[in-house]
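# Summary of structural features
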Number of protein chains: 2
Amino acid sequence: MRKPVDYSLYLVTDQSCLPTGISLANAVEQAIAGGVTLVQLREKNLDSRAFFEQALQIKTICQAQHVPLLINDRVDIALAIDADGVHVGQSDLPADVARRLLGADKIIGVSARTVAQARQAQTDGADYLGVGAVFATHTKHDAKTVDIATFATMRAAVDLPMVAIGGINAKTLPTLQNNLSTAGVTADGIAVVSAILGAVDTRQAAADLKQSWLTYQ
Amino acid sequence: MRKPVDYSLYLVTDQSCLPTGISLANAVEQAIAGGVTLVQLREKNLDSRAFFEQALQIKTICQAQHVPLLINDRVDIALAIDADGVHVGQSDLPADVARRLLGADKIIGVSARTVAQARQAQTDGADYLGVGAVFATHTKHDAKTVDIATFATMRAAVDLPMVAIGGINAKTLPTLQNNLSTAGVTADGIAVVSAILGAVDTRQAAADLKQSWLTYQ
């Protein structure tokens, strides 16, 4: 039986965002100290061995702070390090295949930006949806945006936690909160990449976002 | 209990070698008809979903012809399609991790070009070694070459089948055979990429290589 997951401030990694001299391990540790509740290790440019070794290192940090660690795309890396789960996009292994390989106790997230994708993810056994990009983003250039009306339709269509992702930072967060509020829809959390990892003070950036988000709740 | 594996003519895929208008599925089918005894699906440029779908398709072909199919690098894809095993390089998941994830009954091959790598692979539970590049090759530009003296030292150091790989084609095969013979060392098979997949008549190319190789045995 899995513990409930706190999706409120979800850190997705991208090493290219890190300021010079800051290691990913150090940034993740500081981000968790600042209030990050869930971490996804996303490594699109590492070979499998380096990804595995990075994942082992980040797992040690997350485990010590009792924050779940998910692996982007690579179910084998998740199995190899006994991560808490995976996050799969529409170009990754189908969620039902990931579920079959990982078993019932692991967390599986799916990126969705249409109602059809959201429904399919629920059918496939997903635990939550990453929905976006809610704003245009520099960390994923090919990410298409999702408007709030679609977000609201997805919310009504499936019974899964929904995390907003894409271009969320201290400046855009109030807009997201206003838009959600106007549409009468809630999100279970926000996923953040560069607004935390690109900050000079990682811990403070996470703490500020956490406070802004909780104020909205 | 696994069946013994015939390593004599081992096809490693690279879609970029295919002549225009020939699908990988068709080429693999013809290569098996020509005498290929083992297939490794190597896809370095596909996303996970496309790799998975390609692997499912190639598995159907291999299974119908009773030829084992191994997956390069991606243990999760191998698990997802219930492939016969994986082939891992020195930058992929360690072989002992692959063994843990795949279980005792799957085939695990490891790329090795030093005695230390060969010994480690054996310790980690590998079933065979891919040794090369025995010649410079266009399909893997970063592959360093292995001389026959090293090949012979590896042969003496470990008790695993050894498949020669790298730049093997109808022209270079006699040189390899002469070099092995002069050094008094044998190989369990040859792994071939472009000499089969790049041929206009895939089946004939495989049949010719098979005949040359068996003549040497």
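Residue positions are given per chain, counted from 1 along the sequence in the order it is written. Chains and ligands are labelled sequentially in the order written, the chains with letters from A and the ligands with numbers from 1. Local features in a predicted model are, by the rule used here, given only for residues with pLDDT of at least 70; side-chain atom pairs are given and counted only at 80 or more, and totals for whole chains, interfaces and linings are based on all residues. Only heavy atoms go into the side-chain values, all of them from the structure, while hydrogens and water stay out.

Chain A is annotated in an unreviewed UniProt entry as Thiamine-phosphate synthase from Faucicola atlantae.

### Remarks on the confidence of the model for chain A
Confidence of the predictor at the level of single residues is captured by pLDDT, which takes values from 0 to 100. Looking at chain A, the pLDDT average stands at 95 and 99% of residues meet or exceed 70. Confidence estimates for the predicted assembly give a pTM of 0.95 and an ipTM of 0.94.

### Section: helix H5 (residues 115-123) of chain B
Residue and element names in this part refer to chain B. Under the scheme applied here, a residue whose accessible area is under 20% of the maximum for its type counts as buried, over 50% as exposed, and between as partly exposed, the area being computed with a 1.4 Å probe on protein chains only. Helical segments are the DSSP runs of H or I of at least four residues, strand segments are the runs of E of at least two, and each set is numbered from the N terminus. Of the residues making up H5, those classed as buried are Val115, Gln117, Ala118 and Ala121. Angularly, the buried residues of H5 cover 165 degrees about the axis, an arc narrow enough to put them on a single face. Away from its buried face, by an angle of more than 90 degrees, H5 presents the exposed residues Ala116 and Thr123. Every residue pair with non-hydrogen atoms within 4.5 Å of one another is taken to be in contact. Tucked into the core, H5 has its buried residues touching strand S5 (107-112), strand S6 (128-132) and helix H6 (148-157). Within two residues after H5, glycine 125 carries a phi angle of roughly 95 degrees, on the positive side. Throughout, the arc means that of the directions going from the helix axis to the C-beta atoms.

### Quick notes on the pairing of strand S7 (residues 162-165) of chain A
Residue and element names in this part refer to chain A. One bridge is not enough; two strands pair if DSSP finds at least two bridges between them. As paired elements, strand S6 (residues 128-132) and S7 share four bridges and run parallel to each other. Within the sheet, the bridge partner assigned to leucine 129 lies in S7 and is methionine 162. For a crossover, the right-handed case is the one in which the path from the first strand over the helix to the second runs clockwise, viewed with the strands pointing away from the viewer. Handedness of the crossover joining S6 and S7 through helix H6 (residues 148-157) is recorded here as right-handed. Sheet topology note: the S7/strand S8 (residues 189-192) ladder contains three bridges and is parallel. For alanine 164, the partnering residue across the bridge sits in S8 and is isoleucine 190.

### Digging into the interface of chain B and chain A
One widely used convention gives an interface's size as the accessible area the parts lose upon coming together. If you look at the interface, chain B gives 20 residues, while chain A gives 20 residues. Here chain B packs against chain A, burying approximately 1,700 Å² in sum over the two surfaces, 57% of which is carbon and sulfur. Accessible-area loss on putting two parts together, using a 1.4 Å probe and summing over both, is the definition of buried area adopted here. When residues of chain B are sorted by the area they lose upon contact with chain A, Arg49, Asp76 and Leu93 of chain B head the list and together hold 32% of the total. Across the pair arginine 74 of chain B and aspartate 73 of chain A runs a salt bridge, and its minimum N-O distance is 3.9 Å. Two N or O atoms count as a polar contact when they lie within 3.5 Å, although within protein this holds only if one can serve as hydrogen donor and the other as acceptor, and sequence-adjacent residues are included solely when both atoms are side-chain atoms. Applying the counting rule to chain B against chain A returns 15 residue pairs in polar contact (both at pLDDT 80 or more). At the level of elements, helix H2 (48-64), helix H3 (75-81) and helix H4 (95-102) of chain B are the ones that each hand at least two residues to the side of chain B that touches chain A. Counting residues per element, the side of chain B that touches chain A draws most heavily on H3 of chain B, at five residues. Grouping the amino acids of the side of chain B that touches chain A by side-chain chemistry returns nine nonpolar, four polar and seven charged. The term salt bridge refers to a pairing of a side-chain nitrogen on Lys or Arg with a carboxyl oxygen on Asp or Glu at a separation within 4 Å. Note on residue categories: nonpolar means Ala, Val, Leu, Ile, Met, Phe, Trp, Tyr, Cys or Pro, charged means Asp, Glu, Lys or Arg, and polar means any other residue, Gly included.

### Quick look at the UniProt feature "domain: Thiamine phosphate synthase/TenI" (unreviewed entry) in chain A
UniProt tags residues 9-196 of chain A as "domain: Thiamine phosphate synthase/TenI" (unreviewed entry). Between the end C-alpha atoms of residues 9-196 of chain A the distance is 10 Å, and the span holds 40% helix and 19% strand. UniProt positions are given in the numbering used here, feature names are shortened, and annotations may be inferred rather than shown by experiment.

### Let's talk about the pattern of salt bridges
Pairing of side chains with opposite charge becomes possible as their charged atoms draw close. The final tally for this structure, using the stated rule, is 12 salt bridges over all chains. Arginine 99 of chain B is the partner of aspartate 127 of chain B in a salt bridge, and the nearest nitrogen-oxygen pair spans 2.8 Å. You can see aspartate 127 of chain B sitting in the loop between H5 and S6 and its partner arginine 99 of chain B sitting in helix H4, a full 28 residues away along the chain. One network of salt bridges, with partners in common, ties together Lys44 and Asp73 of chain A together with Arg74 and Asp76 of chain B.

### Details of the relation of the copies chain B and chain A
Note that the two copies of the chain are related through a rotation about an axis and a translation along the same axis. The superposition of copies rests on a least-squares fit of C-alpha positions from residues with pLDDT of 70 or more in both. With an RMSD of 0.0 Å, the fit of chain B onto chain A corresponds to turning through 180 degrees and sliding 0.0 Å along the axis. Here the symmetry operator amounts to a two-fold rotation axis. Judged by C-alpha distance, aspartate 76 of chain B is the residue of chain B that lies nearest the rotation axis, at 2.3 Å. Both copies share a contact surface, since 100% of the interface residues of chain B are interface residues in chain A too.

### A look at the nonpolar core
Grouped together as the largest cluster of nonpolar side chains are 158 residues, with contacts concentrated most on Ile71, Leu129 and Leu176 of chain A together with Ile71, Leu129 and Leu176 of chain B. Apart from residues lying up to four places away in sequence, leucine 129 of chain B is in contact with Val110, Ala112, Ala118, Ala121, Met154, Val158, Leu160, Pro161, Met162 and Val163 of chain B. Definition of nonpolar core: a set of buried residues of the types Ala, Val, Leu, Ile, Met, Phe, Trp, Tyr and Cys, connected through side-chain atoms within 4.5 Å.

### A closer look at the sheet that holds strand S3 (residues 69-72) of chain B
With parallel pairing, eight strands are arranged side by side around a closed barrel as S1-S2-S3-S4-S5-S6-S7-S8 (chain B). Averaged over all pairs of adjacent strands, the angle between strand axes in this sheet comes to 25 degrees, irrespective of strand direction. Angular values range over 0 to 180 degrees, each being the angle between N-to-C directions of two axes fitted as lines to C-alpha atoms, with helices fitted over their stretch in contact.

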